[in-house]
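An overview of the molecular structure
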Amino acid sequence: MGVARLALAVLAAGAVVTLLVIGGRALFGSFGATPPERERASAVTPGPAAETTARVPTVHIECVADTCPIVTVRVPGGDVLQYREMSRGEEVSYYEPELDVVLSDAGTVRVTENGKPREQGKAGAREAFTAKASGA
């Protein structure tokens, strides 16, 4: 009976190690994955030839500081699309017909509304505005 118990213990230990390896690989593999909100929000900047057929985002936000404090974008009365800090060079675009935008520090981001640049806010100043898609 001792050999059977030893075999079961070795088999159970092997199963635990296998599960740990699979779980660890899945966890480390997820670090490089793009979050679903960014997949939906991010847009590739089109080249000159594609500009005539490409949709223009309702709001495009680019972080121009090392860290841009909380940037909030939401559909009025609906989903929160973004509520987080951004880092230098990070850009997001949203195409919803109407959006509420709150910038914790308006001087740290560059905002384009319907393809037209908004005046950059003052450093440290909070700014909130509603953007409506052109034609909406």
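Residues numbered from 1 in each chain as written. Predicted model: local features only at pLDDT ≥ 70, side-chain atom pairs only at ≥ 80, totals over all residues. Heavy atoms only, no water.

As for the sheet that holds strand β7 (residues 116–117)
Defined as follows: Strand pairing is assigned whenever DSSP detects at least two bridges linking the two strands. Only DSSP runs of H or I covering at least 4 residues are called helices, and only runs of E covering at least 2 are called strands; the numbering of each starts at the N terminus.
Taken together, the four strands give an open sheet; going across it, the order is β4-β1-β6-β7, and neighbouring strands pair in antiparallel fashion. With one partner strand each, in any of the chains shown, β4 (91–94) and β7 form the two edges of the open sheet. One ladder, built from two bridges, connects strand β6 (residues 109–113) with β7; its direction is antiparallel. Note on β7: the bridge partner recorded for T112 is P117.

As for the pattern of salt bridges
Rules: Between Lys or Arg on one side and Asp or Glu on the other, a salt bridge is scored when a side-chain nitrogen of the former is within 4 Å of a carboxyl oxygen of the latter. Burial classification: accessible surface area is computed with a 1.4 Å probe over protein chains only, and a residue below 20% of its type maximum counts as buried, one above 50% as exposed, and the rest as partly exposed.
Tallied over the entire structure, the rule returns six salt bridges. Of the charged contacts in the structure, one is a salt bridge between R74 and D100, with a shortest N-O distance of 3.5 Å. Residue R74 is located in strand β2 (residues 67–74), and its partner D100 is located in strand β5 (residues 98–103); the two are separated by 26 residues in the primary sequence. What makes R74 partly exposed here is its relative accessible area of 28%. Between E90 and R84 there is a salt bridge, with its nearest N and O atoms 2.7 Å apart. The exposure class of E90 is buried, given its relative accessible area of 14%. According to the relative accessible area criterion, R84 is buried, its value standing at 17%.

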